[in-house]
Each structure stands twice: as structure tokens, then as C-alpha cells.
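# Overview (structure and organization)
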Amino acid sequence: QIDAEDAIATAEEELRRLSVEMRYLEQTAEMLQQRISMVNAAIADLTYANATLDGIEKEKENVEMLVPIGGSSYVKVKLADSSKVIVGMGSGVSVEQPLAQAKATLKERLDELEKTMNAAQQQFSQIAERINSGRGRLETLLAQSRAGNQ
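## Brief notes about the environment of threonine 140
Take threonine 140: it is sitting in helix H2 (residues 99-149). For threonine 140, a relative accessible area of 36% translates into the label partly exposed. Separated by 125 residues in the primary sequence, threonine 140 and leucine 15 have C-alpha atoms spaced 9.9 Å apart. Reaching out from threonine 140, the side chain makes a polar contact with the backbone oxygen of glycine 136 at a distance of 3.0 Å.

Listed below in C-alpha cells is the structure:
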């Protein structure tokens, strides 16, 4: 009788522990998904900026261009000087750089973001595996608990 009560108490404790762990893992997975979405947006933005710089590099001065301003909107401009680009460095600071250096700066950022993306996706996969195995264990414990209560 005591052994059965101990087993039930142990199973209930494991159920509680597992359900808390599952909530934590699900919140972590959600946070990682948000991070992945933000990194994806930054990668898209940098890729777009790089493509724009590639286009500018091929143009001559005083050529009319459509420059993206966001929201699928463009402004018509005349290219004054394609050899210099103003690059945002973060915290509201921008620096004028030669075109080749600006492209290198964007490429470095893109490489870093891709590393960040890979790490976040790897973490997400590990968390998803833990969630799946935890759910399986949770279902087993619940089934045992129901069988024991009948």
C-alpha cells in the first residue's frame, strides 16, 4: 500500500516538474522563433542594401535612379557620387565610406547574422527535440496516472 502511494506521489511530482519544464521550453522556443524572425528581417535588409550597392557601382554619375525608401516605395534621384556611401554603424551613428569598404562592411554584418541565424536555428531544433520527448513522457505519465486512478 505504501509503495503504491509513494509511486503515485513520485509520478505526480514528475508530472508537475515535467509540465513546468515544458512551459519553460515552449517559452524558450517562442523567444528563439522571434529572434530568428528578427535576424531574417535584418538579413533581408542587408541583402537588399548589398544589391542596391551593386547596382550603384555599375552606374555613372548624374544617372537617374529609383532608390528604395521602404514600404515598396521609391524616390527618383540623380546619382551625384557613386564612390562614397554613408553606412549606419549603429546607435544612430553613420560614417561615410568608399563604396568597396561599405560593401565589405555589409558583407561582414551579413556573415555575422548568418552565424547568429544558424546558432538560433540549432538551438531551436534542440529545444523542439526536448519538447517532443517531454511531451511523450508527459503523455505516458498521464496515461499511467489515469490507469492508477481507475
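Following the structure, the description resumes.
## Focus: the nonpolar core
Ranked by internal contacts, the top residues of the largest apolar core, which has 24 residues, are Ile43, Leu53, Val85, Ile127 and Ile131. Broken down by secondary-structure element, the contributors of at least two residues to this core are helix H1 (2-58), strand S3 (84-90) and H2. Among all residues touching leucine 53, those that are not within four sequence positions of it are Val85, Leu99, Ala102, Lys103 and Leu106.

## Side note on the side chain of serine 82
Tracing the backbone through its elements, the reader meets serine 82 in the loop between strand S2 (73-78) and S3. With near-sequence residues (within four places) excluded, serine 82 lies in contact with Ile56, Glu59, Glu61 and Leu99.

## What to know about the pairing of S2
Looking along a regular strand, one sees the side chains alternate between the two faces of the sheet. Across six bridges, the pairing between strand S1 (residues 64-70) and S2 is antiparallel. Its bridge partner being in S2, valine 67 is matched across the sheet by valine 75. Connecting the antiparallel pair S1 and S2 is a turn made up of two residues, with glycine 71 showing a positive phi of about 60 degrees.

## Quick notes on the confidence of the model for the protein
With 95% of its residues at a pLDDT of at least 70, the protein reaches an overall mean of 89. Across the protein, the element-wise mean pLDDT spans from 84 in S1 up to 94 in strand S4 (residues 93-98).

## Here we look at the side chain of asparagine 50
Of note, asparagine 50 is situated in helix H1. Beyond its immediate stretch of four places on either side in the chain, asparagine 50 contacts Lys103, Leu106 and Leu110.

## Some details on unusual backbone geometry
Residue serine 72 is not a glycine yet carries a positive backbone phi of 55 degrees. Within the secondary structure, serine 72 is located in the loop between S1 and S2. In the Ramachandran plot, serine 91 falls in the positive-phi region, its phi being about 55 degrees despite a non-glycine side chain. Here serine 91 lies in the loop between S3 and S4. For serine 91, a relative accessible area of 81% gives the class exposed.

## Quick word on a nonpolar patch on the surface
Among the surface-exposed residues, Tyr48, Leu66 and Tyr74 lie close enough to one another that they form a single nonpolar patch of about 350 Å² accessible area. Of note, tyrosine 48 is situated in helix H1. Residue class for tyrosine 48 comes out partly exposed when judged on its relative accessible area of 42%.

## What about the environment of glycine 70?
As for its placement among the helices and strands, glycine 70 is situated in strand S1. When its relative accessible area of 43% is taken as the criterion, glycine 70 is described as partly exposed. Spatially, the C-alpha atom of glycine 70 lies 46 Å from that of leucine 18, the residues being 52 residues apart in sequence.

The rules behind the values
- Residues numbered from 1 in each chain as written.
- Predicted model: local features only at pLDDT ≥ 70, side-chain atom pairs only at ≥ 80, totals over all residues.
- Heavy atoms only, no water.
- Helix = DSSP H or I, 4+ residues; strand = E, 2+ residues; numbered from the N terminus.
- Buried < 20%, exposed > 50% of the residue type's maximum accessible area, 1.4 Å probe, protein only.
- Polar contact = N/O pair within 3.5 Å; in protein donor to acceptor, adjacent residues only side chain to side chain.
- Core = buried A, V, L, I, M, F, W, Y, C linked by side-chain atoms within 4.5 Å.
- Contact = heavy atoms within 4.5 Å.
- Pairing = 2+ DSSP bridges.
- pLDDT = per-residue confidence, 0-100.
- Patch = residues over 30% accessible without salt bridge, like charges linked within 9 Å, V, L, I, M, F, W, Y side chains within 5 Å.
- Areas by Shrake-Rupley, 256 points an atom, 1.4 Å probe, with all protein chains shown as cover.
- Salt bridge = Lys/Arg side-chain N within 4 Å of Asp/Glu carboxyl O.

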